[in-house]
Amino acid sequence: TVTFIKYERQSAGTLGGVTGYVSQKGKTMQEDGRQLVGGQNCNPQLAFQEFLATRTMHRKDSPVYFYHYVQSFHPDEPITGETAKEFAARAWPDSEVLIATHIDAEHIHTHFIVNAVCFETGKMLRQGPQTLATLRPLSDEICLSHHLSVLPKQQKKASGMNAREYRSAVK
C-alpha cells in the first residue's frame, strides 16, 4: 500500500532531518553491505543539497519543500529496490526523488522524498487528496507485475447517520 506523511510545517531543516532519517544505514543496510538508498534525477548522498539548489535556482519560496510517501509490503515478501525505482519513475518521472528502503522493521517499506520543485522546468509539483487515489493503483499494478501481494479492494462503507439523525437516535 502507499501512504502519505504530512508535515505541519516544512523548512530546509525539516527536509534535512527527513532525508537524514530515511537514509540511515541502520535502516537501509543489507547483510551484503549494499545500502538500499537511491535517487531518481539526483544523487542520493546529495539529495538534500540538490533539492535546495533546485529550489534556489528557480527562485521558489513556497512553504512546501517536499512530499513524503511510503510504500509498504507484506513482511514475508522478497523486496528489492527494483519495485521502488519503477514506482518512482512512473509516479514522478520529472522529479528529483530520494528512494530509501527500510529493512529494519518487521514490514519492509520504502520512503520516497519528492522535491516539490521540478529541476528542469522549475514548476511546482502539486499533490493533493486525489494523488493517493492514483498512486495506490499504480503501486498495485507494479507489485502484481513482480508477483507481490496487494491489499484486497475495500468495499465502500455504508453512509452513517448525519448529525441530525444521530441526535434524534440519542434522544
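The structure displayed is predicted, hence computed values, not measured ones.

(A) Just the packing of aromatic side chains, in detail. The tally for this structure, following the rule as stated, stands at six aromatic pairs. Plain terms: the ring middles of Phe87 and Trp92 are 5.6 Å apart, the flat faces sit at 85° to each other, and that makes the pair edge-to-face. You can call Phe87 buried: its relative accessible area is 0%. By the ring-pair criterion, three or more aromatic residues cluster together here, those being Phe4, Tyr69, Phe87, Trp92 and Phe112. The positively charged end of Arg55 is found above the aromatic ring belonging to Tyr65, 3.5 Å away from the centroid.

(B) Seen up close, the sheet that holds strand β1 (residues 2-5). If you walk across this open sheet you meet the five strands as β1-β3-β5-β4-β2, and the pairing is antiparallel. Unpaired on one side and paired on the other, β1 and β2 (37-40) mark the two borders of the sheet. Strand-to-strand twist across the sheet, computed as the mean angle between neighbouring axes with direction ignored, equals 20°. Two elements, strand β3 (residues 66-72) and strand β5 (residues 109-115), share seven bridges in a ladder whose sense is antiparallel. Residue Ser72 lies in a different strand from β5, and its bridge partner there is His109.

(C) Region of the structure containing helix α1 (residues 12-22). When we look at burial in α1, the residues that qualify are Leu15, Val18, Thr19 and Val22. Down the axis of α1, the sector holding all buried residues measures 95°, keeping them to one side. Contacts made by the buried residues of α1 are with α2 (25-28), α3 (47-57), β3, β4 (97-102) and β5. The N-terminus of α1 is capped by Ser11, whose side-chain oxygen sits 3.3 Å from the backbone nitrogen of Gly13.

About the criteria used
- Residues numbered from 1 in each chain as written.
- Predicted model: local features only at pLDDT ≥ 70, side-chain atom pairs only at ≥ 80, totals over all residues.
- Heavy atoms only, no water.
- Phe/Tyr/Trp six-rings, centres within 6.5 Å; stacked < 30°, edge-to-face > 60°.
- Buried < 20%, exposed > 50% of the residue type's maximum accessible area, 1.4 Å probe, protein only.
- Lys NZ or Arg CZ within 6 Å of the ring centre and 35° of its normal.
- Pairing = 2+ DSSP bridges.
- Helix = DSSP H or I, 4+ residues; strand = E, 2+ residues; numbered from the N terminus.
- Axes fitted to C-alpha atoms, helices over the stretch in contact; angles between N-to-C directions.
- Arc of directions from axis to C-beta.
- Contact = heavy atoms within 4.5 Å.
- Polar contact = N/O pair within 3.5 Å; in protein donor to acceptor, adjacent residues only side chain to side chain.

From the geometry alone we can't say anything about function, so treat these as descriptive.
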